[in-house]
Amino acid sequence: MSHPPDKKQQRYDRQLRLWGAHGQAALESSHVLLINGNATGAEILKNLVLPGIASFTILDPSPVLPSDLGSNFFVDPEDIGKPRAKVVAERLREMNEDVAGEWVGESPSTLLSTNPSFFLRFHLVVLCNHNSPGPSSSASSTPPVGSSTPSPSTPTPQSTSGLLSEKEVAALEDLLWERNVPLVMVRSYGLAGMVRVGRKEHRVIDPHTPTPDLRLQTPFPALQALVDSVNLDALDDHARTGVPFVVILCKAMEKWKKENPTTPPTASALKKLVLAMSKDLNREENFVEASGQAYRACGKYEIPRTARNVLEDPECDKVGVVGAPPPHPFWIVARAVRDFAREEGAGYLPHPGSVPDMKADTGKYVELATIYRQKHLSDLASIRTRVASVVSQINSLPRSTSTSSIDSAPPPAVGETREWAGSVQVKDEEIERWCKNASQVVVKRYKRVKDELGEAGVEAGEPARHLSQPDSPFLHYVLLRAVDRFRDVHHRFPGVLADEVEPDIRLLKKQVQELLKGWGSQGVTVPDEYVHETVRCGAAELHAIAALIGGIASQECIKLITGQYVPVVDTFVFDGIKSVGGVYEL
Amino acid sequence: METDGEIDAPESATVFEDIPGQYTHIYKYLERTGPFTDPSFEPGNERKEFLHTCKVLVIGAGGLGCELLKDLALMGFKDIHVIDMDTIDISNLNRQFLFRPADVGRPKATVAAEFVMKRIPGVKVTPFYGRIQDKDESYYSEFSIIICGLDSVEARRWMNATVVGMLDEEDPSTLKPMIDGGTEGFKGQSRVILPTMTACYECSLDMHTQRQAFPICTIANTPRLPEHCIEWASVIMWPKEWPDTKLDGDDPEHIQWLFNMASKRAAEFKIQGVTWSLTQGVVKNIIPAIASTNAVVAASCALEAFKLATSCAPTMSNYMMYVGDDGIYTYTFELQRKPECPVCGSGLQKVQVRRDYTLEDFIDTLKERKEIQLKRPSLMAPGRSLYMTHPPDLEERTRDNLVKRMDELVEEGNEITVTDPGLPITLRLLIEWE
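Residues numbered from 1 in each chain as written. Chains lettered and ligands numbered in written order. Predicted model: local features only at pLDDT ≥ 70, side-chain atom pairs only at ≥ 80, totals over all residues. Heavy atoms only, no water.

The subject of this paragraph is the overall build of chain A. Of regular secondary structure, chain A possesses 23 helices and 10 strands. Carbon and sulfur atoms make up 52% of the accessible area of chain A, which totals about 22,200 Å². (Helix = DSSP H or I, 4+ residues; strand = E, 2+ residues; numbered from the N terminus. Areas by Shrake-Rupley, 256 points an atom, 1.4 Å probe, with all protein chains shown as cover.)

Dropping the structure here:
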């Protein structure tokens, strides 16, 4: 900290300022699987290799085609005909020598049925179910060169061999779901694209959404003592300008209570009182600041809703229960924090230890900051004790007879402490992070794709609601789903052949109608021009869309791997025709 | 809207592809029309030829610039130029993917151009290692589209004023679309500027929050944060101790000295948290930057460039923001022109002034205004200089005016002309007494 950064810190400086050493360590221990090294997939890995994940594996049976040269940056002309997985993996690795990269030239579909455990070796799986645009009119006579494809069925430009069917996607998700491995599904199709995140349970200790915790409603003893030590009336004019607004607001509250013992103040009444307490508002900027913050002292303190949901989660109740599976450390700390808030915190969470800057003289500010800091440390000590006692209680419970399925999970990344390794352990670092961010913690639970694919999972009104808005990006989600059904039926994508645009528009429209009917979305339609536009693109993968969607997907991957910031729930759709995006919970 | 799916007959030969089939993906859009294309859109070779031969300029070969060069080249642009005045630093390598450790110290524009040309067949990238101000209208007017991947408000203002200034309303070929991207951490934005048709960069200057500056009295007298101690070391102590040496945020010895000074001050005031990394961050005003956000914003800019060059789909109208730290949030909206914009509008703004303000007070209020953002303004009243920051002898002759009252210097209804050495803009202010 007191020396210039080393080479690695310098290299990663601009990102360490976002996710810190903790987030970086999580990235550096994560193994990522990419299914299909098309332009979109390669862009996603690019944005993960650069910040330094541990390793990636590309699973892709396709050879490099001439059309890849115009969409995928990680191939060049001499690679035509070579396995795309190999070529892309090698070129990606050139960007960061600390990242390992492997490739497997098999069909994901085959591998899923012959060796499903392959997919369980990773912390994150990215599925770029690719499109194949087929030959352009000008390239129709150019077959792929070379014969080094690992797959026995050499793909032709029309081949869809890297694809997973709807059923296979659901099977893959099931597999990952049980181990709580996130699956990120990404699609670039013509001018449209989508990113969908799926995970059984995603826990975020540090979403980077801090709010100040000042305890103005009920000052704790040390804070009260500081407030008592200040006598505003006895201070000279200069000293009055150095009193932090926290003290001013506590004084104002005391004054209010004395004058109105039964009615608590409204924010505007307290504001008025604070302004009246100032001798000279032009000089006493701290009083002006206090009046602006008056609302923080009013009303009853409540734990923020998302954090409260975490503490009230059934997983918290299960901690320490005989016969329950060993809890994740996150839930052990959550339980300790909940019990702390109920039993000794008078409803408050452990204090985060930080305090915002405010107009004050150095001495008083530092005194105040120290008081909060010490409150944090004493709360933290209490949580530590509680965690230790819960942990020893859990470890003394009779072991469940069946081995936890988590035993065969991939090696844990730093952000994802091993869920079960003989005895339960909670890292002290995790307890500290928890206590610093207790009011911000978030848990996100996702729906499975299969629940939606099974059609019953979609609430009938939802698609209709999204579609009732004109030009909603959700139109493209419906169309992408319809395109996949088209492919399953016709064994090609709509519009890939130059002379079949007209009939394909009709065939795709039919798929759209059936899809909407299956969802029970009567009375809504996808306007014809959107169907036409989807057929027009002929399953093209435009690099700009691949890079945009890939960039968004890689941000989601980083959030999922580091356990910092909040990933989307659950589907982002981009309409590149109008350059508008939308988020949908499906 | 036409929905009959009119499709051109296949083009007879591949005249534009270095490798047959290379442009399969983008040609889907150029060989077919669609319901959202501009009515003037005619699919076929003419579109392809224009896309492949038009000259486009990328400004900046950094985080956005590297992405832009790749994106534009893969979207079919083949005559790409790039300007950047910087050399490669190790801290660029976490996102500027065209650079390798061995390239550290070399000019960004040159290395980026070499890399893209090596990787993508048939693409020509022409680098210029220098400042945007080194080039004039004759240079900028050669391009069909200008795409900015810049990291400073000043450079964007300069570029915007230059591009808007080139417009001759009689000659449509002088209208140069400018596409601008920017990022910070998980957030970013892209926008399309069509001079006098859409809002220009200057029209919306007040949207950009200025870097929060710490009041000098806090730094000098009542430090509370580690940042205050660092500012004290760099703003107050450095010029005192090293009057002849310019502070260089990239020189580890300079940062070490500041860090030592700031640490001492922090210890004296019992302030925690001064670190080497924070010291450098404050001194250089480092903005966090990651590959993924740059990828998103640059791709959006390249997509709009492609749509502008080919008319295969409508151009974004006209601003998209992207926020990725809490879920995914995007918002696309139309920024409105400002009639009194000093760059693309009338330029004449009314300002209310207190009669008893001194000229210096008045200049301070101008500096504080977010929609103006001046640093060292010079002011002229009709027929006379009020205060000129340059040249030194004129500064000396006008300095006495700074303490004079406004009503001694000007009358209501006077027009004051304001210039700033950093900006190619003249502001015209119409004085009204408050």
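Further remarks concern the UniProt feature "domain: THIF-type NAD/FAD binding fold" (unreviewed entry) in chain A. Taken from the UniProt record, the annotation "domain: THIF-type NAD/FAD binding fold" (unreviewed entry) applies to residues 12-128 of chain A. Secondary structure content for residues 12-128 of chain A is 41% helix and 16% strand, and the end C-alpha separation is 27 Å. (UniProt positions renumbered as here; feature names shortened; annotations may be inferred.)

A word on the sheet that holds strand β5 (residues 183-189) of chain A. Residues and elements named next belong to chain A. Taken in spatial order, the eight strands line up as β3-β2-β1-β4-β5-β6-β9-β10 in an open sheet, and their pairing is mixed. If you trace the sheet from one side to the other, it starts and ends with β3 (100-104) and β10 (580-584), each paired once. Neighbour-to-neighbour, the strand axes of this sheet turn through a mean angle of 15°, independent of strand direction. (Pairing = 2+ DSSP bridges. Axes fitted to C-alpha atoms, helices over the stretch in contact; angles between N-to-C directions.)

Attention shifts here to the packing of helix α21 (residues 501-518) of chain A against helix α22 (residues 528-536) of chain A. Residues and elements named next belong to chain A. The geometry of α21 relative to α22 is characterised by a closest axis approach of 9 Å and an angle of 125° between their N-to-C directions. When the axis of α21 is compared with that of α22, the two are oblique. Crossing handedness for the pair α21 and α22: right-handed. Together, V501, D504, I505, L508 and K509 of α21 and D528, V531, H532, T534 and V535 of α22 make up the contact between the two elements. Class assignment of the residues belonging to the contact of α21 with α22 gives a composition of five nonpolar, two polar and three charged. (Parallel < 35°, antiparallel > 145°, perpendicular 65-115°, else oblique. Left-handed = near helix turned anticlockwise from the far one by under 90°. Contact = heavy atoms within 4.5 Å. Nonpolar A, V, L, I, M, F, W, Y, C, P; charged D, E, K, R; others polar.)

Here we take up the nonpolar core. Judged by nonpolar contacts, the single largest core of 153 residues is most densely connected at F77 and I80 of chain B. With near-sequence residues (within four places) excluded, F77 of chain B lies in contact with L51, C54, V56, L72, V123, A305, F306 and A309 of chain B. (Core = buried A, V, L, I, M, F, W, Y, C linked by side-chain atoms within 4.5 Å. Buried < 20%, exposed > 50% of the residue type's maximum accessible area, 1.4 Å probe, protein only.)

Across the boundary between the two partners, chain B contributes 94 residues, which contact 100 residues of chain A. Both faces considered, chain B and chain A share a buried interface measuring about 8,100 Å² in area, 63% of it formed by carbon and sulfur atoms. When residues of chain B are sorted by the area they lose upon contact with chain A, H25, Y29 and R119 of chain B head the list and together hold 10% of the total. For the interface between chain B and chain A, the tally reads four salt bridges. E94 of chain A is paired through a salt bridge with R119 of chain B; the nearest N and O atoms lie 3.8 Å apart. Between the two partners, chain B and chain A, sit 37 residue pairs in polar contact (both at pLDDT 80 or more). (Buried area = accessible area lost by both parts, 1.4 Å probe. Salt bridge = Lys/Arg side-chain N within 4 Å of Asp/Glu carboxyl O. Polar contact = N/O pair within 3.5 Å; in protein donor to acceptor, adjacent residues only side chain to side chain.)

Next up on the list: the pattern of salt bridges. If you walk through the whole model with that rule in mind, you get 62 salt bridges over all chains. In this structure, E514 of chain A and K510 of chain A form a salt bridge, with 4.0 Å as the shortest nitrogen-oxygen distance. Here E514 of chain A pairs with K510 of chain A, and both are found in helix α21, just four residues apart, close to one helical turn. The exposure class assigned to E514 of chain A is partly exposed, which follows from its relative accessible area of 41%. On the basis of relative accessibility, which here comes to 48%, the residue K510 of chain A falls in the partly exposed class. D71 of chain B is the salt-bridge partner of K70 of chain B, the closest N and O atoms lying 2.9 Å from each other. With respect to class, K70 of chain B is no different from D71 of chain B; both count as buried. Members of the salt-bridge network, linked through shared partners, are D76, D79, K82, R91 and E94 of chain A together with R119 of chain B.

All right, on to the UniProt feature "active site" (unreviewed entry) in chain B then. All names here are of chain B. The UniProt record annotates "active site" (unreviewed entry) at C217. Along the polypeptide, C217 turns up in helix α7 (residues 216-220). Residue class for C217 comes out partly exposed when judged on its relative accessible area of 47%.

Our focus in this paragraph is the environment of P101 of chain B. Mapped onto the secondary structure, P101 of chain B falls in the loop between β2 (79-84) and α4 (108-119). What makes P101 of chain B partly exposed here is its relative accessible area of 41%. Sequence spacing of P101 of chain B and I363 of chain B is 262 residues, and the spatial spacing of their C-alpha atoms is 47 Å. In this structure P101 of chain B touches R11 of chain A together with L93 of chain B, once residues within four positions along its chain are discounted.

Cis rather than trans, the peptide bond between V569 of chain A and D570 of chain A has omega equal to -15°. Here H390 of chain B and P391 of chain B are connected by a cis peptide whose omega angle stands at -10°. Along the chain, P391 of chain B falls in the loop between β11 (384-387) and α13 (392-398). A positive phi is found at N36 of chain A, a non-glycine position, where the angle reads about 85°. By the secondary structure assignment, N36 of chain A is in the loop between β1 (31-35) and α3 (39-49).

It is worth spelling out the domain arrangement of chain B at this point. Often, the extent of an interface is quoted as the loss of accessible area upon association of its parts. The domain boundaries assigned to chain B delineate domain 1 (2-208 + 289-333), domain 2 (216-284) and domain 3 (348-433). Centre-to-centre, using C-alpha coordinates, domain 1 of chain B lies 39 Å away from domain 2 of chain B. (Domains from an automatic or database assignment.)

With that settled, consider the packing of aromatic side chains. The full count for this structure, using the stated rule, is 24 aromatic pairs over all chains. Here the aromatic rings of Y23 of chain B and Y27 of chain B are separated by 5.6 Å at their centres, their planes lie at 40°, and the arrangement is tilted. The burial state of Y23 of chain B is the same as that of Y27 of chain B; both residues are buried. Taken together through their ring pairs, the aromatic side chains of F73 and F74 of chain A together with F97 and F115 of chain B make up a single cluster. Taking NZ or CZ as reference, K375 of chain A lies 5.6 Å from the ring centre of F220 of chain A, over its face. (Phe/Tyr/Trp six-rings, centres within 6.5 Å; stacked < 30°, edge-to-face > 60°. Lys NZ or Arg CZ within 6 Å of the ring centre and 35° of its normal.)

With that settled, the discussion passes to the confidence of the model for chain B. Residue and element names in this part refer to chain B. On average, residues of chain B carry a pLDDT of 91, and 95% of them reach 70 or more. Counted against residues more than four places away or in other chains, residues 1-13, with its pLDDT under 50, gives 28 contacts. Scored by ipTM, the complex comes to 0.91, with pTM at 0.91. (pLDDT = per-residue confidence, 0-100.)

Next up on the list: the pairing of strand β3 (residues 124-129) of chain B. In summary, the side chains of a regular strand alternate between the two faces of the sheet. Residues and elements named next belong to chain B. Of the strand pairs in this sheet, β2 and β3 are connected by six bridges, and their pairing is parallel. Residue I83 lies in a different strand from β3, and its bridge partner there is F128. In this fold, β2 hands off to α4, which returns the chain to β3; that crossover is right-handed. (Right-handed = clockwise from strand over helix to strand, strands pointing away.)

To continue, consider helix α10 (residues 245-259) of chain A. All names here are of chain A. Its 15 residues give α10 an end-to-end C-alpha distance of 21 Å, which sits within 8% of 21 Å, the value for a rise of 1.5 Å per residue. Turning to α10, its buried residues number three or more, namely F245, V246, V247, I248, L249, C250, K251, A252, M253 and W256. In the core, the buried residues of α10 are packed alongside α8 (221-229), α11 (267-277), α12 (285-292) and α16 (362-396). (Expected span 1.5 Å × (residues − 1).)

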